[in-house]
Amino acid sequence: SVDNQAIRDEIKALLQQKNAVLVAHYYTDDAIQELAEETGGVIADSLEMARFGANHEADTLVVAGVKFMGETAKILSPEKTIIMPTLEATCSLDIGCPIDEFSDFCDQYPERKVVVYANTSAAVKARADWVVTSSIALDVVEHLVDQGEKIIWAPDQHLGGYIQKETGADMILWDGACIVHEEFKAKGILDLKKIYPDAAILVHPESPESVVEIADVVGSTSQLLNATKSMPNSTFIVATDRGIFYKMKQASPSKRFIEAPTAGSGATCRSCAHCPWMALNSLELLRNALRDTSGEVFVPEDTRVKALVPLQRMLDFQV
Ligand code: CIZ
Ligand code: SF4
């Protein structure tokens, strides 16, 4: 729309004026991803977002995603100004893993390595030995198994269970879940597969075990995106946030992408294949944050320094 165009132009001018760059997650709305692409920013998963932000020479990073992504950027780049369209955008995994309870939990198993998913608060990261994202989790846990380590895993129980199964690691799991991925239903996916027998089933491992079990490919957002490029199938049933369709369609315009059903019978769900917090990132809020330097992310320095250790360990980890 005309309005949209005006806001987009305003954002472009502000990005230049403030020497800022836009770092957008795959799950944000198309308009945000498009803008990141047009302005020399990036569309990425949380691992790539962290790397891109840390290595970029901009003074300000505008992180369009959820809170833990802004915090990660601040932990890695304390000298930069980190702003987010809204600080209200959080994550059910982060919410479900409060630092005090988590710290008490860890204290019960002092001999175990603490491995936390990136989808956690800075304080939880500060309590961890390792931070991982879904694109690197399997490799890090395999490495720990090779070293004879036992593991505490938090917060996503589905991803943790999947990694445990794949690696045979001795893991104690926190019981968190992603409200988007936990809604995908194997039955609905199999019903769709009857209609599209040639479709490949792509599943993010935050999904329940029954859904992971029927997948042709299990992987992080960037790994699923790569699968749509390299696989010969013309149709894909995708069990992750539908925001990823923007890049999937762009890479393979002639292929068909179908959202995995979230209930066997079309019942309502809390967040049908789209994260309600990612969806809070609007062009208007992005413009306001840049214009007013609002939505700035701060992490207390003692927490930041502690959280940097496991985060840097992840970034330095070579497969
Ligand atoms: O579900 C999320 O929030 C994901 C996939 C984050 C990430 O690692 O990009
Ligand atoms: Fe958190 Fe799930 Fe939203 Fe990702 S999609 S930010 S894991 S609630």
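Residues numbered from 1 in each chain as written. Chains lettered and ligands numbered in written order. Predicted model: local features only at pLDDT ≥ 70, side-chain atom pairs only at ≥ 80, totals over all residues.

## Side note on the packing of helix 3 (residues 46-55) against helix 4 (residues 67-76)
Consideration 1: Contact pair helix 3 / helix 4: the axes reach a minimum separation of 9 Å and the direction vectors enclose 35 degrees. As for the relative orientation of helix 3 and helix 4, their crossing is right-handed in sense. On the side of helix 3, the interface is formed by Ser46, Met49, Ala50, Gly53 and Ala54, while helix 4 contributes Met69, Thr72, Ala73 and Leu76.
Consideration 2: Residue classes in the contact of helix 3 with helix 4 are distributed as six nonpolar, three polar and no charged. (Axes fitted to C-alpha atoms, helices over the stretch in contact; angles between N-to-C directions. Helix = DSSP H or I, 4+ residues; strand = E, 2+ residues; numbered from the N terminus. Left-handed = near helix turned anticlockwise from the far one by under 90°. Contact = placed C-beta atoms within 7 Å. Nonpolar A, V, L, I, M, F, W, Y, C, P; charged D, E, K, R; others polar.)

## A closer look at the site of ligand 1
Consideration 1: Inspection of the region around ligand 1 gives Asp45, Ser46, Ala118, Asn119, Thr133, Ser134, Cys178, Glu206, Ser220 and Thr221 as its neighbouring residues.
Consideration 2: For the shell around ligand 1, a count of residues per class yields two nonpolar, six polar and two charged. (Near = placed C-beta within 6 Å.)

## Examining helix 2 (residues 30-38)
Consideration 1: Residues of helix 2 that are buried include every one of Ile32, Gln33, Leu35 and Ala36, and no others. The buried side chains of helix 2 occupy one side of the element, clustering within an arc of 160 degrees when seen end-on.
Consideration 2: Just downstream of helix 2 lies glycine 40, where phi reads positive at about 80 degrees. (Buried ≥ 20, exposed ≤ 12 C-beta atoms within 10 Å, placed from the backbone. Arc of directions from axis to C-beta.)

## Topic: the pairing of strand 5 (residues 113-117)
Consideration 1: Of all five residues that make up strand 5, four are buried, and the element is covered over most of its length.
Consideration 2: In this structure, strand 5 lies alongside strand 6 (residues 130-132), joined through three bridges in parallel fashion. By the bridge assignment, tyrosine 117 is partnered in strand 6 with valine 132. (Pairing = 2+ DSSP bridges.)

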